[in-house]
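Structural features, examined
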Amino acid sequence: MSVDVLTFGLNHRSAPVSVRERVAMPVDLLRPALAGLRAAFGGALREAAILSTCNRTEVYCAAEPHVAEHLPAWLADVNHVQAMDLQPHVYQHLQEGAVRHAFRVASGLDSMVLGEPQILGQMKDAVRAADEAGSLGTLLHQLFQRTFSVAKEVRSQTDIGAHSVSMAAAAVRLAERVFGSLGEARTLFIGAGEMIELCATHFAAQQPREMVVANRTVERAETLANRFSAGTMRLADLTERLAEFDVIVSCTASSLPILGLGMVEQATRLRRHRPMVMIDLAVPRDIEPQVGRLDDVYLYSVDDLGRMVQSGTDARRAAMVQAEAIIETRVQNFMQWMAARTVVPVIQHLQQGADEIRAAELERARRLLARGESPEAVLEQLAHGLTQKYLHGPLAALNRSEGAEREQLLAVVPRLFPSRDTRR
């Protein structure tokens, strides 16, 4: 059975955050998810990797063709979601399309922020998880190694990442829309990952009145806070202290909201209607969506920031054309490599048959020599036997063939068995 490369999933273009958060998979769930995926499809699915970020959840497979039609149901089932809720938002890419999609994703061409570099690291983490789970084989390993190489080539030879408006910079802009200068703003960061670190860096440049980091692991909060001379607090203290802050930026790996409607309502009463800017960069979301209905609360999701940064991509459109050209060339190179792989089993079969003929004729020659036959006669018989047996298959096929099939064979045979004049 033939094996296809396929990609299946949904992203920020095809699905809103309310859908993406329902299928997002934290890193610690990737290995069990991969085990479940392989168990669900058995031998029909040879290799797999899962990429899950705030902007996308995608499955990359080397599988028999029929697997593609059943992947949506698997993704819905493993996340306890109705398949009909996902169906309008999912996409699939097969073979050349799947390879092209992987190259574009790693190069930042399919990102919410065009050219953003974080996705490459996230894809490498996904590949590492798949490797540790034992779900990578030759095909996907080769695909991802070439994917990383293409991403490096695009970033080094084009300006795709130049002058990008990052999500962190957009968060600062949104806060400035409400407060103007942030010099008097008290800012709370919930989480201590890469995105929070980027946001803290951008906010620190505005020299806010106070910066505080809250995280489940106190040590990580202190490590980040020390970089910006910021304070720290426990997540358990959020209820009591939330009202102190003008700007809240949250991005954790929590599967449930950290800031609920009741908690924020209480904080707004204590603030006596002073505005709060709340920026939720997490998927699944850290802040209950109903919070956005409260007066004096300006709640923004990762999709809201994405729409804002899209307006800053015009200067990089020319770089996109150059990047797409690089990707297209590398896609064709990979497809040629894949096509060459399909010949390998045929070559192995031919080699095995030739080895069996050689072994049989050699054994026959040894028996003749052991009986005292002339070495010259034995060599002559060995050469004759090898020649006849090697040619038996092609000659028999020619004799049995008729019409168009015979014409095809007559055209192919001289290429397979060139004459001495042709070889010169």
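Residues numbered from 1 in each chain as written. Predicted model: local features only at pLDDT ≥ 70, side-chain atom pairs only at ≥ 80, totals over all residues. Heavy atoms only, no water.

Labelled according to an unreviewed UniProt entry, the protein appears under the name Glutamyl-tRNA reductase, originating from Bordetella flabilis. The Function (unreviewed entry) field of the UniProt record for the protein holds the comment "Catalyzes the NADPH-dependent reduction of glutamyl-tRNA(Glu) to glutamate 1-semialdehyde (GSA)." Taken from UniProt, the Pathway (unreviewed entry) comment for the protein reads in full: "Porphyrin-containing compound metabolism; protoporphyrin-IX biosynthesis; 5-aminolevulinate from L-glutamyl-tRNA(Glu): step 1/2." (UniProt positions renumbered as here; feature names shortened; annotations may be inferred.)

1. Looking at the side chain of Thr53
Structurally, the position occupied by Thr53 is in the loop between β2 (45-52) and β3 (56-63). Taking the relative accessible area as the measure of exposure, Thr53 reaches 10% and is therefore buried. Among the polar contacts listed, one links the side chain of Thr53 to the backbone nitrogen of Asn55, at a separation of 3.1 Å. Leave out the neighbours within four places in its chain, and Thr53 touches Ile119 and Gln122. (Helix = DSSP H or I, 4+ residues; strand = E, 2+ residues; numbered from the N terminus. Buried < 20%, exposed > 50% of the residue type's maximum accessible area, 1.4 Å probe, protein only. Polar contact = N/O pair within 3.5 Å; in protein donor to acceptor, adjacent residues only side chain to side chain. Contact = heavy atoms within 4.5 Å.)

2. Thoughts on the pattern of salt bridges
As enumerated under the stated definition, the model contains 23 salt bridges in all. Notably, a salt bridge pairs Glu96 with Arg100, separated by 2.8 Å at the nearest N-O pair. In this pair, Glu96 and Arg100 are both assigned in helix α5 (residues 96-106), four residues apart and thus about one turn of the helix distant. The exposure class assigned to Arg100 is partly exposed, which follows from its relative accessible area of 22%. As a salt-bridge pair, Glu210 and Arg186 come within 3.0 Å of each other at their nearest N and O atoms. You can see Glu210 sitting in strand β6 (residues 210-214) and its partner Arg186 sitting in strand β5 (residues 186-190), a full 24 residues away along the chain. (Salt bridge = Lys/Arg side-chain N within 4 Å of Asp/Glu carboxyl O.)

3. Focus on the nonpolar core
Among the nonpolar cores identified, the biggest contains 67 residues, and Leu86 and Phe144 are the most heavily contacted of them. Those residues within four positions of Leu86 in sequence are excluded, and the remaining contacts are Leu10, Val19, Val23, Leu75, Ala76 and Val81. Membership of the second largest hydrophobic core comes to 37 residues, among which are Leu174, Ala185, Ala221 and Leu305. (Core = buried A, V, L, I, M, F, W, Y, C linked by side-chain atoms within 4.5 Å.)

4. Some thoughts on the packing of aromatic side chains
For the coordinates displayed, the defined rule picks out four aromatic pairs. Their ring planes at 70 degrees and their centres at 5.6 Å tell us that Tyr60 and Phe144 sit as a pair that is edge-to-face. Pair noted here: Tyr60 is in strand β3 and Phe144 is in helix α7 (residues 138-157), with a separation of 84 residues, a long-range link. Phe144 carries the same exposure label as Tyr60, and that label is buried. Three or more aromatic residues link up through ring pairs in this structure, and these residues are Tyr60, Phe144 and Phe148. The aromatic ring of Phe148 is capped on one face by Lys124, whose charged end is 5.6 Å from the ring centroid. (Phe/Tyr/Trp six-rings, centres within 6.5 Å; stacked < 30°, edge-to-face > 60°. Lys NZ or Arg CZ within 6 Å of the ring centre and 35° of its normal.)

5. Some words on the domain arrangement of the protein
Quoted interface sizes are often the accessible area lost when the parts come together. Here the protein is described as being made up of domain 1 (4-163 + 315-340) and domain 2 (167-310). In this structure, domain 1 and domain 2 have C-alpha centres spaced 30 Å apart. With both chains or domains summed, domain 1 and domain 2 bury close to 1200 Å², and 58% of this area falls on carbon and sulfur atoms. At the junction of domain 1 with domain 2, the criterion picks out two salt bridges. Residues Asp303 and Arg20 are paired through a salt bridge, measuring 2.6 Å at the closest nitrogen-oxygen approach. Where domain 1 meets domain 2, there are three residue pairs in polar contact (both at pLDDT 80 or more). With four residues, the single largest contributor to the side of domain 1 that touches domain 2 is helix α1 (residues 17-23). (Domains from an automatic or database assignment. Buried area = accessible area lost by both parts, 1.4 Å probe.)

6. Concerning the sheet that holds β3
Backbone hydrogen bonds are what pair the strands of a sheet, in a parallel or an antiparallel way. With respect to topology, four strands assemble into an open sheet ordered β2-β3-β1-β4, the strand pairing being antiparallel. On the outer flanks of this sheet lie β2 and β4 (91-94), each paired with one strand and no other. Strand-to-strand twist in this sheet, taken as the mean axis angle between neighbours without regard to direction, amounts to 15 degrees. Summarising the sheet, strand β1 (residues 4-11) and β4 pair through four bridges and their orientation is antiparallel. Bridging across to β4, Thr7 finds its partner in His93. (Pairing = 2+ DSSP bridges. Axes fitted to C-alpha atoms, helices over the stretch in contact; angles between N-to-C directions.)

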